[in-house]
Amino acid sequence: MAPAEVLSGKTVSAQVRDRLKQQVAEMKEIFPGFAPGLAILQVGNRDDSNLYINMKLKAAAEIGISANHIKLPNTATEADVLKCIASLNGDPAVHGFIVQLPLDSDKPINTEKITNAVAPEKDVDGLSSINAGKLSRGDLGDCFIPCTPKGCMELIRQTGVQVAGKRAVVVGRSKIVGAPMHDLLLWNHATVTTCHSKTSTLAEEVGKADILVVAAGKAEMVKGEWIKPGAIVIDCGINHVPDSTKASGKRVVGDVAYSTAKEKASYITPVPGGVGPMTVAMLMQSTVESAHRFLEKFQPGKWNIQYNQLTLKKPVPSDIEISQSCIPKPIDQLAREVGLLPGELELYGQTKAKVHLSTLKRLKNQPDGKYVVVTGITPTPLGEGKSTTTVGLVQALGAHLHQNVFACVRQPSQGPTFGIKGGAAGGGYCQVVPMDEFNLHLTGDIHAITAANNLVAAAIDARMFHELTQTDQALYNRLVPSVNGVRKFSDIQIRRLQKLGINKTDPMALTKEEVNLFARLDIDPATITWQRVIDTNDRFLRKITIGQSPTEKGFSRMAQFDITVSSEIMAVLALADGLDDMKKRLGRMVVASSKRGEPVTTDDLGVTGALAVLMKDAIKPNLMQTLEGTPVFVHAGPFANIAHGNSSVLADKIALKLVGKAGFVGKFTEAGFGADIGMEKFFNIKCRYSGLRPHVVVLVATVRALKMHGGGPAVTAGVPLPKEYMEENLQLLARGCSNLKKQIQNAQIFGVPVVVAVNAFKTDTKAELALVVQLAKEAGAFDAVECTHWAEGGKGAVALAQAVQRASQAPSNFRFLYNVELPVIDKIRLIAQQIYGASDIELLPEAREKVALYTKQGFGNLPICMAKTHLSLSHDPELKGAPTGFILPIRDIRASVGAGFLYPLVGTMSTMPGLPTRPCFYDIDLDPVSGEVNGLF
């Protein structure tokens with residue numbers, strides 16, 4: 001018979017590499033910025049390992065795989081290697097991961113333990129027990145196969161010979177080649193015999209093989225005369241035998257006597273150039289396969305989400321009863337369902353987690369979903385239900401219309417939770433759960449803000465004290481101390497020197513004048529705007545005297561506490577788009593002016609880095625869920641009057657990437673108070689800084705609240721509602737719809753379609769609901785829809801969700817109300833006239849002084865954040881409906897330079913609520929047996 005056809009691994013591997021190169025190029029085209037990632041972990045510095053690794057790195061580069069070689073010294077311990085493996089297991093950019101064997105360490109290391117530590121879904125060498133077990137069970141589509149057996153099978157396929165039904169013999173039973181080769185042939189339907197060192201009839205068994213794979217590690221042990229005529233022979237051996245004709249004195253041979261075997265076989269692999277090149281090619285193929293699996297599993301916008309079924313009851317139970325009757329999904333399950341990777345999640349128990357900002361980097365090239373803001377008419381004590389509607393809407397879109405949807409809501413302060421308002425998790429069958437965890441500590445973000453804020457306050461008073469009690473030189477010596485005979489400026493002190501125009505880095509080189517400039521902030525106590533905070537309603541902290549202790553040597557001053565959520569640090573958290581941006585904003589915060597009239601910042605105080613450390617976890621959005629199992633980001637909760645009243649930019653950006661673009665996807669963010677406040681600031685401040693552009697405004701209204709705007713009587717907590725709110729009154733309602741009309745117009749000023757959500761109560765009549773819908777459409781709303789989500793969950797907001805879907809396809813010509821380059825007074829006037837309906841503004845003397853000061857200090861180009869009552873479009877909370885023709889008085893103007901806005905004060909703004917006669921805490925209790933919280937609402 002004719003000599004065997006040579007199966008060239010070089011030729012076949014080149015074909016495999018070309019195919020993989022094309023696949024990777026297509027992958028990168030579909031997913032811009034993505035590349036399959038391979039990590040190779042080496043311990044020690046063996047020459048043969050270096051050679052093999054270089055071959056793999058070269059192959060990866062040719063194909064377009066991003067390969068990373070991690071090299072540990074030969075002093076590495078088993079713990080060091082395991083730590084490195086754990087890091088690579090959690091790296092979403094690594095799809096294939098191999099540990100180069102043998103491990104060249106002078107410390108004892110269990111190789112089996114190391115290979116099994118590699119995550120099975122990244123184990124492209126196929127050496128872990130889990131992958132080996134799956135292969136032995138025949139789960140070929142759900143495991144990785146060791147590269148050498150995989151390459152052998154590819155070579156066998158090249159012959160065109162059908163494996164099924166053939167008799168195969170494998171010589172060798174190693175875990176790397178022999179044993180997996182047996183399983184691979186078996187599950188390709190060959191009848192397989194494995195031979196080894198104890199096989200007494202080796203020649204006889206070899207002679208029966210239609211397919212022979214030899215991996216014994218013994219030079220030319222299989223003789224040509226043993227081989228069945230016409231057999232396929234795959235030789236995996238690499239052995240060195242003496243050869244005086246070679247310069248090295250040796251040559252490479254396989255486990256099969258090649259020269260005689262090729263005379264009997266039909267196909268045979270040479271050594272070298274046979275199986276060897278295929279091993280590297282198969283490693284590359286497994287890496288690309290792993291990347292494909294990763295994309296299939298974590299493809300942005302491709303959710304496989306399990307929703308919770310509600311069991312509706314009538315009458316509707318209390319909010320806490322509903323919340324506690326729901327069994328939330330484990331939060332890591334929800335994270336997987338929406339495309340978050342395990343390494344992007346930081347669990348805080350079973351029902352909440354923080355999401356790492358690396359998620360945004362991973363998804364940066366993915367398109368955004370639709371951006372929807374939920375706002376309301378001017379609030380009344382009767383409530384409009386923005387939070388409830390936000391939750392109901394996402395439950396409708398997700399659980400009932402099966403669209404990818406995320407809610408982004410503010411974290412509530414504990415002050416109102418224990419005061420009079422209660423929590424902010426929504427209500428009825430539209431809640432973020434568990435509502436007790438949502439309303440209380442959550443993951444500690446507000447506590448972090450409290451600590452950071454009060455560190456700044458302490459730094460201000462301490463700095464003034466030390467400046468007042470020390471000479472320039474003594475102060476300088478303490479600010480730049482000698483440590484082991486060396487004096488050195490810290491990084492933040494270098495920044496202060498540069499700000500002062502002192503371009504020196506040697507502490508000994510400063511002149512007396514420069515020492516004075518550097519060491520003395522010279523804060524004017526009358527200009528301090530930074531207050532201490534606490535997250536509790538406490539009226540007796542509204543005005544306090546600090547510095548009463550004898551140790552403060554009489555340096556006392558009047559100060560105050562604000563509630564934590566009013567801190568500028570909260571606004572910074574909400575507007576930052578990353579750690580670096582947050583740190584810069586924290587450093588820019590102005591806390592006072594010097595006696596020379598210059599702004600004093602937290603960077604000047606030297607506290608910026610410490611603030612960033614305190615806030616490093618708070619910047620990560622918190623993942624929770626609704627009653628029906630749709631995802632929610634709960635992150636940041638700035639005041640809606642002296643700040644912008646919106647949840648964080650980061651939560652919005654991550655959610656928009658996660659929902660993806662396929663079909664209709666939505667991301668809902670809630671803006672505090674009415675559209676004239678929360679929505680206007682959302683557009684002019686939040687969207688300006690984030691760069692995001694909204695598609696739809698959802699404007700929430702209720703019949704009862706509109707009746708109050710129509711002139712309905714005042715309501716008192718704890719007293720039954722007047723009959724005007726309980727009985728049909730179309731005339732009163734029609735008058736009150738003037739507020740609804742104005743808020744619709746306000747949204748249209750920004751060029752965004754408006755959908756009105758009429759949040760129905762059981763006391764509303766059909767005629768009243770129909771009237772609101774009619775008048776809303778006549779006022780220019782894209783649509784207006786009656787909703788019953790409080791009592792029915794997402795089902796009661798399906799019509800609203802469908803209207804939002806349609807509106808999101810309509811043109812959205814978003815535009816800002818003003819150019820920030822306009823003078824401060826002109827920006828204020830535009831908001832007052834176009835959004836509130838004022839005829840003009842009046843700046844009181846203090847406000848005029850601040851306009852001049854902030855313009856001089858370089859802050860005149862910041863956006864405007866109006867601080868006025870939320871109970872009226874005007875400055876007078878008693879003026880309901882849509883008043884016009886009034887003059888808006890501007891009492892004062894303050895600056896949140898770090899957050900990035902000026903906030904004019906219209907009237908007096910309370911930043912520390914007080915407790916009522918009967919606070920909510922009377923009803924809040926803990927069941928010591930079950931551990932359940934009772935009484936929250």
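Relevant structure appears above.
Since the model is a prediction, treat every value here as computed from it, not as a measurement.

Calculation notes
- Residues numbered from 1 in each chain as written.
- Predicted model: local features only at pLDDT ≥ 70, side-chain atom pairs only at ≥ 80, totals over all residues.
- Heavy atoms only, no water.
- Pairing = 2+ DSSP bridges.
- Helix = DSSP H or I, 4+ residues; strand = E, 2+ residues; numbered from the N terminus.
- Axes fitted to C-alpha atoms, helices over the stretch in contact; angles between N-to-C directions.
- Salt bridge = Lys/Arg side-chain N within 4 Å of Asp/Glu carboxyl O.
- Buried < 20%, exposed > 50% of the residue type's maximum accessible area, 1.4 Å probe, protein only.
- Disulfide = S-S within 2.5 Å.
- Contact = heavy atoms within 4.5 Å.
- 1 Å grid on protein atoms, 1.4 Å probe; cavity = no way out; pocket = protein on both sides within 12 Å on 5 of 7 lines; lining within 4 Å.
- Points joined across faces, edges and corners; volume = space filled by probe spheres on them.
- Nonpolar A, V, L, I, M, F, W, Y, C, P; charged D, E, K, R; others polar.

Some points on the sheet that holds strand β2 (residues 37-43)
Reasoning step 1: Ordered by their spatial adjacency, 3 strands build an open sheet running β3-β2-β4, and the pairing between neighbours is parallel. Bordering the open sheet on either side are β3 (66-72) and β4 (96-99), each of which pairs with just one other strand. Strand-to-strand twist in this sheet, taken as the mean axis angle between neighbours without regard to direction, amounts to 15°.
Reasoning step 2: As paired strands, β2 and β4 are joined by 4 bridges and run parallel to one another. Across the sheet, L41 pairs through a bridge with V99, a residue of β4.

Some words on the pattern of salt bridges
Reasoning step 1: A complete count under the given rule lists 47 salt bridges for this structure.
Reasoning step 2: For D210, the salt bridge is made with K228, and the minimal N-O distance between the two is 2.6 Å. With D210 in the loop between α8 (202-206) and β7 (211-214) and K228 in the loop between β7 and β8 (232-235), this pair connects stretches of sequence that are 18 residues apart.
Reasoning step 3: The residue D445 makes a salt bridge to K354 at a minimum N-O spacing of 2.9 Å. With D445 in helix α17 (residues 445-469) and K354 in strand β13 (residues 353-355), this residue pair connects regions lying 91 residues apart in the sequence.

A closer look at helix α25 (residues 649-659)
Reasoning step 1: Counted residue by residue, α25 has 11 buried out of 11 residues, so it is predominantly covered.
Reasoning step 2: Within α25 the residues assigned to the buried category are V649, L650, A651, D652, K653, I654, A655, L656, K657, L658 and V659.
Reasoning step 3: Phi turns positive one or two residues past the end of α25, at G660, with a value near 75°.

Considering the state of the cysteines
Reasoning step 1: A full pass over the atoms with the stated rule returns 0 disulfides.
Reasoning step 2: Cysteine C152 shares no disulfide, and the gap to the nearest cysteine sulfur, in C236, comes to 3.5 Å.

With respect to the sheet that holds strand β5 (residues 167-171)
Each strand in a sheet pairs with its neighbour through backbone hydrogen bonds, running either in the same direction (parallel) or in the opposite one (antiparallel).
Reasoning step 1: Here 6 strands make up an open sheet; going across it, the order is β1-β11-β8-β7-β5-β6 and the pairing parallel. Two strands bound the open sheet, and with one partner strand each, they are β1 (5-6) and β6 (191-195).
Reasoning step 2: As judged from the 2 bridges shared by β8 and strand β11 (residues 267-268), these two strands associate in the parallel manner. Note on β11: the bridge partner recorded for I232 is Y267.
Reasoning step 3: In the packing of helix α6 (residues 147-158) onto the sheet, the strands contacted are β7 and β8, and the crossing angle to β8 comes to about 150°.

Some details on the layout of surface pockets
A probe matching the size of a water molecule, rolled over the atoms, marks out where space remains unfilled.
Reasoning step 1: Looking at the second largest pocket, its volume works out to about 1400 Å³.
Reasoning step 2: If you go around the second largest pocket, you meet 45 residues; those closest to its centre are Y52, T148, I238, G276 and T279.
Reasoning step 3: Taken together, the elements giving at least two residues each to the lining of the second largest pocket come down to α1 (9-30), α2 (47-63), β4, α6, β9 (239-242) and α10 (275-298).
Reasoning step 4: Among the elements that make up the lining of the second largest pocket, the one with the highest residue count is α2 (8 residues).
Reasoning step 5: Residue composition of the lining of the second largest pocket, grouped by class: 25 nonpolar, 10 polar and 10 charged.

Some remarks on the pairing of strand β35 (residues 901-905)
Reasoning step 1: Across the 5 residues that make up β35, a large majority, 5, are buried.
Reasoning step 2: Covered by surrounding structure in β35 are F901, Y903 and L905 together with L902 and P904, the residues of both alternating faces.
Reasoning step 3: Bridge analysis of strand β34 (residues 892-896) against β35 gives 5 bridges, and the strand direction is antiparallel. What sits directly across from I893, in β35, is P904.
Reasoning step 4: As consecutive antiparallel partners, β34 and β35 are separated by 4 residues, and within that stretch G900 has a phi angle of approximately 105°, a positive value.

Brief notes about unusual backbone geometry
Reasoning step 1: Here the residue pair V271 and P272 is connected by a cis peptide bond, since its omega of 0° sits within 30 degrees of zero.
Reasoning step 2: Note that P272 resides in the loop between β11 and α10.
Reasoning step 3: In this structure, P315 follows K314 across a cis peptide bond, with omega equal to -5°.
Reasoning step 4: Following the sequence through the fold, P315 ends up in the loop between α10 and α11 (319-325).
Reasoning step 5: Of note, the phi angle at L442 is positive, near 50°, even though the residue is not glycine.
Reasoning step 6: Mapped onto the secondary structure, L442 falls in the loop between α16 (435-439) and α17.

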